[in-house]
Amino acid sequence: MTGRLSATDGATGHSRPRLLLATFSQPPFRTPILFAAAASALSSLFDIHAALPLLCGNAGGHTPLTTIAASWHFLIATNPPGTVLQLWLIMLAAMMTPLIASPMAYVRASSLVARRWRAVAIFLSGYFGVWTLAAVPVLAIAFALRLLAGGVAAAALAACGIALLWSACPYQQAARNRGHRLRRIGLFGVQAVCDSFLFGARLGAWCLLSCWAWMLVPLFASRAHLLAMLAVTTILMAERLQGPGVPHWRIPLIPPAVLIRLTSRTQMARRKA
Amino acid sequence: MADQREDAWKLGAGWNDTLLWYAKAIIALKGRALTDRTSWRYLAAMHQFDQSLWMHQGIIDHTTALPAQADMDVAWNQCQHSSFYFLPWHRGYLARFEQIIAATIAALHGPTDWKLPYWNYLDATNPNARKIPQAFLEPYLPDGITRNPLEDVPRYGQKILAANPQLKIPDIDLTAMNVTKFTGIFSFGGSPTDFSNPDIGVRGQLENVPHGSVHILVGGAPPADVDFGYLSRFETAGLDPLFWLHHCNIDRLWAAWMTKPGVEMEVGQQWLDGPSDRAFAVPTVDGSGLETYTARDTLAGGKFYPDYDDLHAGTGVAALLGGARMADIVKGSPVMAEPTVIGANSETLTVGTAAVETAVRIAAQERTALVAAIGRTAPDAPADEQTFLQLENIRGKGVAGGLQVYVNSPAGADLPEDRFAGSAALFGLSSVSAVDGGHGGNGITLVFDISDLAKRLAAAGDFDPAHLRVKIVAAHSGGDADPITIDRVSVLRQ
Ligand SMILES: [Cu+2]
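Residues numbered from 1 in each chain as written. Chains lettered and ligands numbered in written order. Predicted model: local features only at pLDDT ≥ 70, side-chain atom pairs only at ≥ 80, totals over all residues. Heavy atoms only, no water.

On a plain count of helices and strands, chain B comes out with 11 helices and 13 strands. Here chain B has a C-alpha radius of gyration of 22 Å; the compact-globule value for 494 residues is 23 Å, and the two agree. Projected onto its principal axes, the C-alpha positions of chain B cover 70 × 55 × 45 Å. Of all 494 residues assigned to chain B, the portion counted as buried reaches 62%. Within chain B, counting contacts between residues at least 6 apart in sequence, those at least 24 apart form 74% of the total. (Helix = DSSP H or I, 4+ residues; strand = E, 2+ residues; numbered from the N terminus. Rg over C-alpha atoms; globule rule 2.2 N^0.38 Å. Buried < 20%, exposed > 50% of the residue type's maximum accessible area, 1.4 Å probe, protein only. Contact = heavy atoms within 4.5 Å.)

Residue and element names in this part refer to chain B. You can read the domains of chain B as domain 1 (8-332) and domain 2 (340-493). Computed from C-alpha coordinates alone, the two centres of domain 1 and domain 2 are separated by 28 Å. With 32 residues of domain 1 in contact, the opposing surface of domain 2 contributes 32 residues. Of the roughly 2500 Å² buried at the junction of domain 1 and domain 2 (both faces included), carbon and sulfur atoms supply 64%. Applying the counting rule to domain 1 against domain 2 returns zero salt bridges. At the boundary of domain 1 and domain 2, one finds eight residue pairs in polar contact (both at pLDDT 80 or more). By residue class, the composition of the side of domain 1 that touches domain 2 is 15 nonpolar, 12 polar and five charged. (Domains from an automatic or database assignment. Buried area = accessible area lost by both parts, 1.4 Å probe. Salt bridge = Lys/Arg side-chain N within 4 Å of Asp/Glu carboxyl O. Polar contact = N/O pair within 3.5 Å; in protein donor to acceptor, adjacent residues only side chain to side chain. Nonpolar A, V, L, I, M, F, W, Y, C, P; charged D, E, K, R; others polar.)

Moving on: the coordination of the copper ion. Residue and element names in this part refer to chain B. Donor atoms from the polypeptide that coordinate the copper ion comprise His211 (NE2), His215 (NE2) and His247 (NE2), at 1.9 to 2.1 Å from the metal. Ordering the donors of the copper ion by residue number gives the pattern H-x3-H-x31-H. Remark: histidine 247 occurs in helix α7 (residues 241-258) and histidine 215 occurs in helix α6 (residues 205-219); sequence separation between them is 32 residues. A relative accessible area of 0% means that histidine 215 is categorised as buried. (Donors = N, O, S within 2.8 Å, 3.2 Å for Na, K, Ca; no water.)

This part takes up the environment of arginine 16 of chain A. All names here are of chain A. Secondary-structure assignment places arginine 16 in helix α1 (residues 16-24). Its relative accessible area of 22% is what places arginine 16 among the partly exposed residues. On a C-alpha basis, the gap between arginine 16 and cysteine 169 in space is 27 Å, while along the polypeptide they are 153 residues apart.

Moving on to the pattern of salt bridges. Residue and element names in this part refer to chain B. Applying the stated rule across the entire model yields 21 salt bridges over all chains. Arginine 96 is the partner of glutamate 291 in a salt bridge, and the nearest nitrogen-oxygen pair spans 2.9 Å. With glutamate 291 in strand β3 (residues 290-293) and arginine 96 in helix α5 (residues 86-107), this pair connects stretches of sequence that are 195 residues apart. Two residues, arginine 488 and glutamate 392, come together in a salt bridge whose shortest N-O distance is 3.0 Å. A residue pair is termed long-range when its members are at least 10 positions apart, and arginine 488 in strand β13 (residues 484-493) and glutamate 392 in strand β8 (residues 387-395) qualify at 96 residues. The exposure classification of arginine 488 matches that of glutamate 392, with both residues buried. Linked by salt bridges that have partners in common, Arg5, Arg91, Glu98 and Asp251 make up one network.

Right, let's get into the side chain of histidine 47 of chain B. All names here are of chain B. With respect to the helices and strands, the residue histidine 47 is situated in the loop between α2 (40-45) and α3 (51-56). Accessibility expressed as a relative area gives 0% for histidine 47, which makes it buried. With residues near it in sequence (within four places) discarded, histidine 47 still touches Asn77, Gln78, Cys79, His81, Trp89, His90, Tyr93, Phe234 and Phe243.

Its 16 residues place the ends of helix α6 (residues 81-96) of chain A 21 Å apart at the C-alpha level, agreeing with the 22 Å of an ideal helix rising 1.5 Å per residue. Inspection of α6 of chain A places Val84, Leu87, Trp88, Ile90, Met91, Leu92, Ala93, Ala94, Met95 and Met96 of chain A among the buried residues, and these make up the whole buried set. (Expected span 1.5 Å × (residues − 1).)

Moving on: a nonpolar patch on the surface. A grouping of Leu164, Ile251, Leu253 and Ile254 of chain A is seen on the molecular surface, where their side chains present a nonpolar patch of about 330 Å² in accessible area. Checked against the element boundaries, isoleucine 251 of chain A lands in the loop between α12 (225-241) and α13 (256-272). (Patch = residues over 30% accessible without salt bridge, like charges linked within 9 Å, V, L, I, M, F, W, Y side chains within 5 Å. Areas by Shrake-Rupley, 256 points an atom, 1.4 Å probe, with all protein chains shown as cover.)

Attention now goes to α6 of chain B. Residue and element names in this part refer to chain B. Here α6 contains 15 residues, and its C-alpha end-to-end distance of 20 Å stays within 8% of the 21 Å for a straight helix at 1.5 Å per residue. By the largest-angle criterion, histidine 211 marks the main kink of α6, which is about 35°. Along α6, 15 of the 15 residues are buried, which leaves the element largely enclosed by surrounding structure. The positive-phi residue at the C-terminal boundary of α6 is glycine 220, with phi of around 95°. (Bend = angle between axes of the 7 residues up to and from the residue.)

What follows covers the packing of helix α7 (residues 101-109) of chain A against helix α11 (residues 189-219) of chain A. How two helices pack is summed up by the angle between their axes together with the distance between the axes. Residue and element names in this part refer to chain A. Their axes nearest at 11 Å, the elements α7 and α11 cross at an angle of 170°. Viewed along their axes, α7 and α11 adopt a mutual orientation that is roughly antiparallel. The residues of α11 that touch α7, namely those facing Pro103, Tyr106 and Val107, are Ser196, Phe199 and Leu203. Broken down by class, the residue content of the contact of α7 with α11 amounts to five nonpolar, one polar and no charged. (Axes fitted to C-alpha atoms, helices over the stretch in contact; angles between N-to-C directions. Parallel < 35°, antiparallel > 145°, perpendicular 65-115°, else oblique.)

Turning to the environment of cysteine 169 of chain A, a few remarks are in order. Residue and element names in this part refer to chain A. The residue cysteine 169 is located in the loop between α9 (152-168) and α10 (170-178) in this model. Residue class for cysteine 169 comes out buried when judged on its relative accessible area of 8%. Taking C-alpha positions, cysteine 169 is 24 Å from proline 103, a pair spaced 66 residues apart along the chain.

All names here are of chain B. The omega torsion of the bond from valine 209 to proline 210 falls at 5°, within 30 degrees of zero and hence cis. With respect to the helices and strands, proline 210 occurs in helix α6. Residues proline 222 and proline 223 are joined by a peptide bond in cis, for which omega reads 5°. Even without being glycine, lysine 168 reaches a positive phi, approximately 60°. Mapped onto the elements, lysine 168 comes out in the loop between α5 and α6. Owing to a relative accessible area of 26%, lysine 168 belongs among the partly exposed residues under this scheme. Phi is positive for asparagine 408, close to 50°, though the residue is something other than glycine.

Moving on to the nonpolar core. Counting residues in each nonpolar core, the largest one holds 148 residues, and the members touching the most others are Tyr22, Trp119, Trp271, Leu389, Leu403 and Ile472 of chain B. When residues of this core are assigned to their parent elements, the largest contribution, 12 residues, is made by α7 of chain B. When near neighbours in sequence (up to four residues on either side) are disregarded, tryptophan 119 of chain B contacts Trp9, Ala129, Arg130, Lys131, Ile132, Pro133, Leu161, Val214, Val218, Leu242, Leu245 and Asn249 of chain B. Ranked by size, the runner-up nonpolar core spans 60 residues in total, among them Met91, Tyr106, Tyr127 and Ala134 of chain A. (Core = buried A, V, L, I, M, F, W, Y, C linked by side-chain atoms within 4.5 Å.)

Listed below in structure tokens is the structure:
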């Protein structure tokens, strides 16, 4: 192609949502998103909530505190750890893979062409390894929340509240910032293996710290399970894409650009009045 | 005054109308509150803001009211470095700044057609080119009593641009103008990204030299200078009136590069309309609100497209015959092949004040191809077969400094010129290394083209395809106590 380049080149300009969609349909996002879609399908086939009757079941209603200890034992008996773990990992694969598209691309680009897939696989084992271990505390918090809140709806609401509060808080931003840090990936031998694994594990740890609260939400959404997963993934993706920043208290979910439009409109209105 | 941006040195020695009105407008802008979107400090904070640093430097104090948080989130800390948005973002930033200054001058009953001049430091036809224009050195305005805002800023470096061996920053030149691709790991404009402030970004060659070098050479940095001037940091650069003339010349170099036959300009949707996560923002000229823009607005026909009086003097771009103003641009293919890594060193490097050498091992399966590529003599080697040296994630607590890289230099302190691989002024080092800043904490990644150097080494019989010895010398304010770290030194091939 030759010619002059001008402001009107290549159509009339794309709206940001369309541009974002285009971005996600190209590398490095395309493959992780396809992978996540497959995992979502799998996740809906083997409904995690069917395997976790007390977490999501409608039975029970308000649970008195006196029965919590007994419930604990009942819970563990009715929620076999192996099944729970499997479903937990499928859910994570569906939700987390798109979030780590850029670090994955970094591992790929940092490795010899012949070893790229191996390096990515090792990186993923480190990343999901951390999340596997995290299943214990995160599910424990979920069960505790379910028992304390009484009903599923109340627990879901409480989880949303906790997640919003965590997203607003500067510590969450600090954790997210650390999830953007790149590390050395050795090119040869044992170094290449260890570095890819450690990079994945460290990223997993910071991801866990920044995302744990939002991960509680879909656990309580029995009917709208997939929808909740999608919503939470969208929120986490938006947070990740906002990139690192100076930690401070913020209004969660609403991007600053939207806020500014709202505030300048009120300013204008005030000026007119 | 004219409708076009002009060379500051050609406006008349000492005080001239353009610079005098510039100074008067700055005085007006400095008088405005920080919450005013057209104030001097608000405009500088759009580049980068650091509350504690600004307090420490006396730019603000505890009583200074800040704009609304949302305003700061959208308009401040926007500067795009180490990505292909570097040039278009700064172009829009400059254009709106120019309009705000011009509107202020008009309101002061000055001329109505003020344009931002440029500092044409590489104009070989002008013996004064490398000197800071005189009006920036005068303590007072022509009235003899008003403090000159063009001079009244911390500036501790050179008054005449030259190499600074103490900072390991060589003399500036126009090598970057010879790079043909706008986008890429080794490119004129910077590496591609989908988002603002990418985690992984490589500086474009123009952003490195002369852009970064001039920032540090003029702003100054210890150990060569007593302190850091405003130009030496992202967070204060926009507070030096000279910043805008420097960037105007960088912007002009881009405009000149676009007229070179055969250059591959970026035309991807992502560059034109991105980044995907946000729109770039500037205040409206009256400061009543914010207005968005993208790279598209900085191209011919766009609202921020600049007009320069001359694209040849000091740009290295020859005048075209027949008065043609713009050559046809080869538009780069949307998906560009990037070089792949073929070798790397084995440990993270720590560079204090002493030179550090590291061995870069080339993968066994890549050695034959490497030898074949560099065996060709320069003229008949295909342009797409290139060898690069990459310094990944250079981080440091020191604010700024310089760094030089040599390949296969002999043992001892000697650093022969013919083994020189590349250099960089570490502009923004501490900002881009801070984990809790806006730049991701991944430091600076530099890529140097060592294709010709490798050929020279091979011709001299000093090229082992299994190992390259890379020597790095740096001068930075961290010294030995806070050395810079380099995650990896790698060799790439395309
Ligand atoms: Cu700059």
